[in-house]
Each structure stands twice: as C-alpha cells, then as structure tokens.
Amino acid sequence: MAADPSRWRYGYDLASEVHLKSGSLYPILVRLADRGLLEATWEVGPEGRPPRHMYRLSGPGREYVAALPPVAAVRIKPRPNLRLSEASCFH
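Residues numbered from 1 in each chain as written. Predicted model: local features only at pLDDT ≥ 70, side-chain atom pairs only at ≥ 80, totals over all residues. Heavy atoms only, no water.

### So, unusual backbone geometry
So, point 1. Positive phi is not limited to glycine here, since H19 has a value of about 60 degrees.
So, point 2. Taking the relative accessible area as the measure of exposure, H19 reaches 29% and is therefore partly exposed. (Buried < 20%, exposed > 50% of the residue type's maximum accessible area, 1.4 Å probe, protein only.)

Take a look at the structure:
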C-alpha cells in the first residue's frame, strides 16, 4: 500500500499479496481503519454481485509509513501446501 498510497485496494488482493487468510487480514484492516491509518469504502459491484470493501492509506497513514525506517525489500515466498504427513519434521 505504501508504494501507491492513493490507490484503492480490495481486501482480497491484499490478502493474496501478503499471503494472509481473510480471517487474519480483515481484522487488521479494520483496526488500522479504526485508528485512522486507512480509509475504507464500499464499491458497488455489477448488478447481482455484492459490494466490495476497498482500502487505501489515509493522510496519517502515509505520514506513519513515511516515518518508518527504510528496510531492505523482502520477497515473500508462497508456503507450500504440505500435509502433516509430508512435512519433513514429522518423518
């Protein structure tokens, strides 16, 4: 979100990008919005489809991100879908 703070993002897209399930991500987004760091709005979809929640950094959210120390870029690798019996630590 910090790379393009004025761009509205769907929760689903954010979940895919950061590899979090909706049950983990949406409570975080709600808390950030409650604290004024995110703006949230509903986008009305085509007829027959429900509206979707969208998020972007607010002014205070942009200031907060700008004040953070720079970090090296980190690529998040998708976790393999292992069954418990396939995990090497259980062999």
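Having put the structure on the table, let's press on.
### What about the packing of aromatic side chains?
So, point 1. Going through the model one piece at a time under the given rule, you end up with 0 aromatic pairs.
So, point 2. Positioned above the aromatic ring of Y10 is the side chain of R52, whose terminal nitrogen or guanidinium carbon lies 3.4 Å from the ring centre. (Phe/Tyr/Trp six-rings, centres within 6.5 Å; stacked < 30°, edge-to-face > 60°. Lys NZ or Arg CZ within 6 Å of the ring centre and 35° of its normal.)

### A short note on a nonpolar patch on the surface
So, point 1. A cluster of nonpolar residues, V18, L20 and I28, forms a patch on the protein surface that exposes about 200 Å² of accessible area.
So, point 2. Structurally, V18 can be placed in helix α1 (residues 11-18). (Patch = residues over 30% accessible without salt bridge, like charges linked within 9 Å, V, L, I, M, F, W, Y side chains within 5 Å. Areas by Shrake-Rupley, 256 points an atom, 1.4 Å probe, with all protein chains shown as cover. Salt bridge = Lys/Arg side-chain N within 4 Å of Asp/Glu carboxyl O. Helix = DSSP H or I, 4+ residues; strand = E, 2+ residues; numbered from the N terminus.)

### Description of the side chain of S58
So, point 1. Among the secondary structure elements, S58 is positioned in the loop between β3 (52-57) and α3 (59-67).
So, point 2. The buried category is assigned to S58, whose relative accessible area is 5%.
So, point 3. Side-chain polar atoms of S58 contact the backbone oxygen of G36, separated by 2.4 Å.
So, point 4. Contacts of S58, omitting those with residues within four sequence positions, involve G36, L37, L38 and E39. (Polar contact = N/O pair within 3.5 Å; in protein donor to acceptor, adjacent residues only side chain to side chain. Contact = heavy atoms within 4.5 Å.)

### Examining α1
Since the α-helix packs 3.6 residues into each turn, any two residues three or four apart lie on the same face.
So, point 1. Buried residues of α1: G11, L14 and A15, and no others. All buried residues of α1 project into a common sector of 100 degrees when viewed along the axis, lining one side.
So, point 2. Packed against the buried residues of α1 are β1 (9-10), α2 (22-34) and β3.
So, point 3. Looking one or two places after α1, you find H19, whose phi comes out positive at around 60 degrees. (Arc of directions from axis to C-beta.)

### Concerning the pairing of β3
So, point 1. Here β1 runs beside β3; their pairing, made up of 2 bridges, is antiparallel. For Y10, the partnering residue across the bridge sits in β3 and is M54.
So, point 2. The pairing of strand β2 (residues 38-43) with β3 spans 6 bridges and is classified as antiparallel. In the sheet register, L38 faces β3, and the bridge partner there is L57. (Pairing = 2+ DSSP bridges.)

### Notes on the packing of α1 against α2
So, point 1. For the pair α1 and α2, interaxial distance at closest approach is 10 Å and the crossing angle is 120 degrees. As for how α1 packs across α2, the hand of that crossing is right-handed. Residues G11, Y12, L14 and A15 of α1 touch α2, and the partners they reach there are L25, Y26 and L29.
So, point 2. Of the residues belonging to the contact of α1 with α2, the class tally is 6 nonpolar, 1 polar and no charged. (Axes fitted to C-alpha atoms, helices over the stretch in contact; angles between N-to-C directions. Left-handed = near helix turned anticlockwise from the far one by under 90°. Nonpolar A, V, L, I, M, F, W, Y, C, P; charged D, E, K, R; others polar.)

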